[in-house]
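# Examining the three-dimensional arrangement
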Amino acid sequence: MSDPFAGVASGASGPATRHFAITPSDTANLALRPRALVFQTDGAAVVRDEAGTDLAYSRYAGDVLPIRAVRVLATGTTATLVGWL
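This report concerns the structure included in the present document. (Residues numbered from 1 in each chain as written. Predicted model: local features only at pLDDT ≥ 70, side-chain atom pairs only at ≥ 80, totals over all residues. Heavy atoms only, no water.)

## Here we look at the sheet that holds strand β2 (residues 36-39)
Taken in spatial order, the four strands line up as β1-β7-β2-β5 in an open sheet, and their pairing is antiparallel. Edge strands, defined here as strands with exactly one partner in the open sheet, are β1 (19-21) and β5 (64-65). Both β2 and strand β7 (residues 81-84) contribute to a ladder of four bridges, which runs antiparallel. Looking at the pairing, leucine 37 lines up with glycine 83 of β7. (Pairing = 2+ DSSP bridges. Helix = DSSP H or I, 4+ residues; strand = E, 2+ residues; numbered from the N terminus.)

See below:
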């Protein structure tokens, strides 16, 4: 497959180039810090930032939450999420 953008760096504001399923956990940080979280289903996600602050976000399927989360907690998270890198 040809990629006309192969030599162009995507940068922080460019599109993601990889994605992975998020498994919420109350005890383990994410193995990779995403550039954003994508809600695959309606629901809530309890997200921890790098300062250790936990906040709940309620979103609809398809919404993008542009935060580089450290952890997505299982307690309180009802949505299915994907991380974008």
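The discussion continues.
## Here we look at the nonpolar core
With 13 residues, the main nonpolar core has Ile22, Leu37, Phe39, Val47, Val72 and Leu81 as its most contacted residues. Going through the elements one at a time, β2 and β3 (43-48) are the ones with two or more residues in this core. (Core = buried A, V, L, I, M, F, W, Y, C linked by side-chain atoms within 4.5 Å. Buried < 20%, exposed > 50% of the residue type's maximum accessible area, 1.4 Å probe, protein only.)

## Observations concerning the side chain of threonine 77
Within the secondary structure layout, threonine 77 lies in the loop between β6 (71-73) and β7. There is a polar contact of 3.0 Å between the side chain of threonine 77 and the backbone nitrogen of valine 46. Setting aside residues up to four positions removed in sequence, threonine 77 forms contacts with Pro24, Ala44, Ala45, Val46 and Val72. (Polar contact = N/O pair within 3.5 Å; in protein donor to acceptor, adjacent residues only side chain to side chain. Contact = heavy atoms within 4.5 Å.)

## Things to note about the environment of alanine 51
In this fold, alanine 51 is placed in the loop between β3 and β4 (54-59). In sequence terms alanine 51 and valine 70 are 19 residues apart; their C-alpha atoms lie 9.1 Å from each other.

## Some remarks on the pairing of β3
In terms of burial, β3 is a largely internal element, six of the six residues being buried. Taken together, the six bridges between β3 and β4 define a ladder with antiparallel strand orientation. In the sheet register, alanine 45 faces β4, and the bridge partner there is tyrosine 57. Count of turn residues in the β3/β4 antiparallel hairpin: five residues, of which glycine 52 carries a positive phi of about 90°. The pairing of β3 with β6 spans three bridges and is classified as antiparallel. Opposite arginine 48, over in β6, you have arginine 71 as the bridge partner.

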